[in-house]
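# Structure assessment
So the chains spell out like this:
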Amino acid sequence: MSATPKSAAINRTDILAATASWLGTPYVHQASAKGAGCDCLGLIRGVWRDLYGAEPESPPPYTPDWNERKKDEPLLSAARRNLIEKQSGEIEPGDVVIFRVVADGPAKHCGIATSPNAFIHAYAGRAVVESWMNRWWRQRIAGVFKFPGVE
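First, a word on scope: everything that follows refers to the structure included in this document.

Right, let's get into helix 3 (residues 74–82). L75, L76, A79 and N82 are the residues of helix 3 that are buried. Seen from one end, helix 3 has its buried residues packed into an arc of 140°, which puts them on one side. Structurally, helix 3 contributes buried residues whose contacts are with helix 2 (40–52), strand 4 (96–99), strand 5 (109–115) and strand 8 (141–146).

Shown next, in the form of structure tokens:
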């Protein structure tokens, strides 16, 4: 499915506004309902719907366990199918950042950059929050992506 924006064009300001509208949404595993509950993938899915309408695909069931040691990469694979991977790794506001929380495990966390040094994500046990992209997070980046149609 191609990503067709709801409006004529999508810019990074639109992405940041859509993302910020999810702040405070409680953490609920596998959910994607603004104000009611979402997880990190649910946040990305919800922002996609805000920008484009229908989601390009439905995610398969997944566990909240960051300590998995599986070799498959469903989160990175889905990002590569639906977003534009940035080869430079440079993080700009509005980019989707995917993290590998456990070094030898699959990528299991994601958020949307609000600046090169901060991102919004759904945090287990809390809610959708903005966090500093400190050294701990930077060392765990598995990929940086932009939404389709955004320059």
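That shown, we press on.
With that settled, consider the pattern of salt bridges. The tally for this structure, following the rule as stated, stands at 10 salt bridges. Taking the shortest distance from any N to any O, the salt bridge between R12 and D95 comes out at 2.9 Å. Pair noted here: R12 is in helix 1 (residues 12–20) and D95 is in the loop between strand 3 (84–85) and strand 4, with a separation of 83 residues, a long-range link. Judged by its relative accessible area of 14%, R12 is buried. Taking the shortest distance from any N to any O, the salt bridge between E55 and R49 comes out at 2.6 Å.

Across the sheet, 6 strands lie side by side as 3-8-4-5-6-7; this open sheet has antiparallel pairing. The outermost strands of the open sheet, each flanked by one partner alone, are strand 3 and strand 7 (128–132). Sheet contacts for helix 1: strand 5, strand 6 (118–122) and strand 8; angle to strand 5, the most-contacted strand, approximately 120°. Against the sheet, helix 2 makes contact with strand 4, strand 5, strand 6 and strand 7, and its axis sits at roughly 55° relative to strand 5, the strand it touches most.

In this section: the pairing of strand 4. In strand 4, alternate side chains face the same way, and those of V96 and I98 on one face and V97 and F99 on the other are all buried. Relative to strand 5, strand 4 runs antiparallel, the two being bridged by 4 bridges. Bridge pairing in strand 5 links F99 to H109.

The next subject is the nonpolar core. Among the nonpolar cores identified, the biggest contains 28 residues, and V47, L51, V96, I98 and F147 are the most heavily contacted of them. Mapped onto this core, the elements with two or more residues apiece are helix 1, helix 2, helix 3, strand 4, strand 5 and strand 6. For V47, the residues in contact, after removing those within four places along its chain, are I15, A18, T19, W22, I112 and F147. Counting 8 residues, the second-largest nonpolar core is a separate cluster that includes I91, F99, M133 and W137.

Moving on, we get to the pairing of strand 8. Pairing between strand 3 and strand 8: 2 bridges, direction antiparallel. Counted as the bridge partner of I84 is K146 from strand 8.

Buried within helix 1 are the following residues: R12, I15, A18 and T19. The arc that holds the buried residues of helix 1, viewed along the axis, is 125°, so those residues lie on one side. Structurally, helix 1 contributes buried residues whose contacts are with helix 2, strand 5, strand 6 and strand 8. At the N-terminal end of helix 1, a side-chain oxygen is found 2.9 Å from the backbone nitrogen of T13, two or three residues along, and the residue is N11.

Tallied over the entire structure, the rule returns 7 aromatic pairs. Arranged with centres 4.4 Å apart and planes meeting at 40°, the rings of W48 and Y52 form a pair that is tilted. Placement of the pair is W48 and Y52 together in helix 2, with a separation of 4 residues, close to one helical turn. Ring geometry for F99 versus W137: centroids 4.8 Å apart, planes at 65°, classification edge-to-face. Placement of the pair is F99 in strand 4 and W137 in helix 4 (residues 135–138), with a sequence separation of 38 residues. We note that F99, like W137, is buried. Feature note: the residues F99, F119, W136 and W137 constitute an aromatic cluster, connected by ring pairs.

Calculation rules
- Residues numbered from 1 in each chain as written.
- Predicted model: local features only at pLDDT ≥ 70, side-chain atom pairs only at ≥ 80, totals over all residues.
- Heavy atoms only, no water.
- Buried < 20%, exposed > 50% of the residue type's maximum accessible area, 1.4 Å probe, protein only.
- Helix = DSSP H or I, 4+ residues; strand = E, 2+ residues; numbered from the N terminus.
- Arc of directions from axis to C-beta.
- Contact = heavy atoms within 4.5 Å.
- Salt bridge = Lys/Arg side-chain N within 4 Å of Asp/Glu carboxyl O.
- Pairing = 2+ DSSP bridges.
- Axes fitted to C-alpha atoms, helices over the stretch in contact; angles between N-to-C directions.
- Core = buried A, V, L, I, M, F, W, Y, C linked by side-chain atoms within 4.5 Å.
- Polar contact = N/O pair within 3.5 Å; in protein donor to acceptor, adjacent residues only side chain to side chain.
- Phe/Tyr/Trp six-rings, centres within 6.5 Å; stacked < 30°, edge-to-face > 60°.

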